[in-house]
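# Examining the three-dimensional arrangement
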Amino acid sequence: MPPSTARPTITVVGSINMDLVFRTPRMPVIGETITGEEFRQIPGGKGANQAVAAARQGGAVSFVGCVGDDGFGLQSRACLSADQIDVQAVTTMAQTSTGVAGILVDASGHNCIVLAPGANACVSLPLIDAAAPVIQSGQWLICQLEIPLASVSHAIDIAHEQGVRVVFNPAPVPEAVKGLPLNDAMLAKVDYLIVNETEAGQLAGIEVTDLPSAALAAKTLRGRGAATVLLTMGEHGVLIADTSGERSMPALKVEVVDTTAAGDTFVGALSVGLAHGLGIDAAAMEAQCAAALAVTRLGAQTSIPSRAEVEQFMRSLAMTPSR
Ligand code: RIB
């Protein structure tokens, strides 16, 4: 079947944060004060980033989530709208702060993040029930774990019952779930499970250090019910596990400025590629290109490329965009 050209409808149920980003020559150690190089306030949150990535790659995206009744909430909502994301199902919670992430980015582009969930913790079961028509009217659902797990599980139930395809990025893995398998009944409703090495290790109970251990972890998560598993490994590429077995794709070499939101860019771009009818390998390759561009720029939503930028990048690598 040739790839579809219609804009796929995608609902993202997830988090919205304002990122307070410090560029620093190195990470401080406990008890130490160091002087950084730059401070920026940049819209982020895994849910919002994935929604922006999907919208910039051509998806018609609706968002379900919460912000607080503060300036960060207004700015975050405006940024989503600027990317043509439908924010009618974004609730503003009274007397609550918007989610905030404190992010340190070092000279190698790696980061440390501390999150204050704020309004993200208010994405409740009744709120998901109220948004059920939005979830049911989309063709695809994307979820992560910066909102309560029970709410994510409920959104997945609603989507699955309606035949909506489910992409689940269980990031970050909640402390309470580490070392335990995620509910298998929930995983069985997931069409595409996207994890990094740490998340795969935490959910599969296997330390992921190389390709064989990544393949084993992905196989284990498939055994628990997820139809297709994609394990992202930064500069070591991506491992795909599906009914055809396990195979890996090397990473693209780029100059790393900041890895923040590279995984989110991968999730959003992959979802749009799949929704357009691309096979998993072609969709993963395009998503890798989008994520590679994201790491060359500072910040979360500031780093996420447009469709035109991804196509231009692919051509520069002698690749032909598949749609
Ligand atoms: O995945 C990157 C995101 O994680 C940041 O934008 C930050 O908000 C944290 O949620």
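It should be noted that the structure appears before, not after, this text.
A brief structural summary. Given the structure is predicted, the values throughout are model-derived calculations rather than measurements. (Residues numbered from 1 in each chain as written. Predicted model: local features only at pLDDT ≥ 70, side-chain atom pairs only at ≥ 80, totals over all residues. Heavy atoms only, no water.)

### Here's the deal with the nonpolar core
Here is the rule: Nonpolar core, defined: a set of buried Ala, Val, Leu, Ile, Met, Phe, Trp, Tyr and Cys residues in which side-chain atoms within 4.5 Å join the residues together. Think of it in three bands: residues with accessible area under 20% of the maximum for their type are buried, residues over 50% are exposed, and the middle band is partly exposed, with areas taken using a 1.4 Å probe on protein chains only. In what follows, a contact means two residues having at least one pair of non-hydrogen atoms within 4.5 Å.
By size, the foremost hydrophobic cluster in this structure holds 46 residues, and its most contacted members are F63, L230, F266 and L270. Setting aside chain neighbours within four positions, we find F266 in contact with I194, L230, T232, V238, A284, A287, Q288 and A291. Within the second largest apolar cluster, 45 residues are counted, among which are V13, V166, V173 and V195.

### Some details on unusual backbone geometry
To be explicit about the condition: Only runs of H or I of at least four residues qualify as helices and only runs of E of at least two qualify as strands under DSSP, and these elements are numbered from the N terminus.
Geometrically, the link from A171 to P172 is a cis peptide bond, its omega value of -10° lying close to zero. For P172, the position within the fold is in the loop between β9 (165-168) and α6 (184-187). One non-glycine residue with positive phi stands out, namely Q84, at about 60°. One can find Q84 in the loop between α2 (71-82) and β5 (86-93). On the accessibility criterion, Q84 (59% relative accessible area) is exposed. A positive phi is found at A261, a non-glycine position, where the angle reads about 75°. Among the residues examined, A261 registers a relative accessible area of 8% and is labelled buried.

### Considering the site of the ligand
Stated formally: Residue proximity to a molecule or strand is established when one non-hydrogen atom of the residue lies within 4 Å of it. Polar contact criterion, stated in full: a pair of N or O atoms within 3.5 Å, where within protein one must be able to donate a hydrogen and the other to accept it, and residues adjacent in sequence count only if both atoms are side-chain atoms. In these tables, accessible area is a Shrake-Rupley quantity obtained with a 1.4 Å probe, and a residue counts as shielded only by the protein chains included in the view. Using a 1 Å grid laid over the protein atoms alone, points where a 1.4 Å probe fits but cannot get out form a cavity; open sets with protein on both sides within 12 Å along at least 5 of 7 lines form a pocket; any residue with an atom within 4 Å of a point counts as lining. By definition, a pocket or cavity contains a molecule when more than half of the molecule's atoms lie within 2 Å of the pocket's grid points.
D19, G45, K46, E146 and D264 are the nearest of the 13 residues found near the ligand. A distance of 3.0 Å is found between an oxygen atom of the ligand and a side-chain nitrogen or oxygen belonging to N17. At 2.7 Å, a side-chain N or O of D264 approaches an oxygen atom of the ligand. Alone, the ligand offers 280 Å² of accessible surface; in the complex the protein occludes 96% of this. Here the ligand occupies the largest pocket. Counting residues per element, the ones that place at least two in the shell around the ligand are β2 (17-23) and α1 (46-56).

### Considerations on the packing of helix α9 (residues 262-275) against helix α10 (residues 280-294)
Relative placement of two packed helices is described by the angle separating their axes and the distance separating the axes. Quick note on the threshold: What counts as an axis is a line fitted to C-alpha atoms, over the stretch in contact for a helix, and the angles between N-to-C directions run from 0 to 180 degrees. Left-handed describes a crossing in which the near helix is turned anticlockwise from the far one by less than a right angle; the clockwise case is right-handed. The residue classification treats Ala, Val, Leu, Ile, Met, Phe, Trp, Tyr, Cys and Pro as nonpolar and Asp, Glu, Lys and Arg as charged. All others, Gly included, are polar.
As a packed pair, α9 and α10 sit with axes 8 Å apart at the nearest point and diverge in direction by 145°. Pair α9 / α10 crosses with right-handed handedness. On the side of α9, the interface is formed by A262, T265, F266, A269, L270, G273 and L274, while α10 contributes I280, A283, A284, A287, Q288, A290, A291 and A294. Grouping the amino acids of the contact of α9 with α10 by side-chain chemistry returns 12 nonpolar, 3 polar and no charged.

### A closer look at the pattern of salt bridges
Quick note on the threshold: When a carboxyl oxygen of Asp or Glu lies within 4 Å of a side-chain nitrogen of Lys or Arg, that pair is called a salt bridge.
Using the criterion set out here, one finds 13 salt bridges in the structure. Its salt-bridge partner being R247, residue D242 comes within 2.9 Å of it at the nearest N-O pair. A relative accessible area of 9% places D242 in the buried class. Here R247 makes a salt bridge to D281, at a shortest N to O gap of 2.9 Å. Of this pair, R247 sits in strand β13 (residues 245-249) while D281 sits in helix α10, and the two are 34 residues apart along the sequence. With relative accessibility at 24%, the residue R247 sits in the partly exposed group. Within the structure, one salt-bridge network assembled from shared partners comprises R23, E37, E38 and R40.

### A short note on helix α8 (residues 211-223)
Formally: Take the number of residues in a helix, subtract one, and multiply by 1.5 Å to get its expected span.
With 13 residues, α8 extends 18 Å from end C-alpha to end C-alpha; this agrees with the ideal 18 Å at 1.5 Å per step. Inspection of α8 places S213, A214, A215, A217, A218 and L221 among the buried residues, and these make up the whole buried set. The elements touched by buried residues of α8 are α6, β10 (192-196), α7 (197-204), β11 (228-232), β12 (238-242) and β13.

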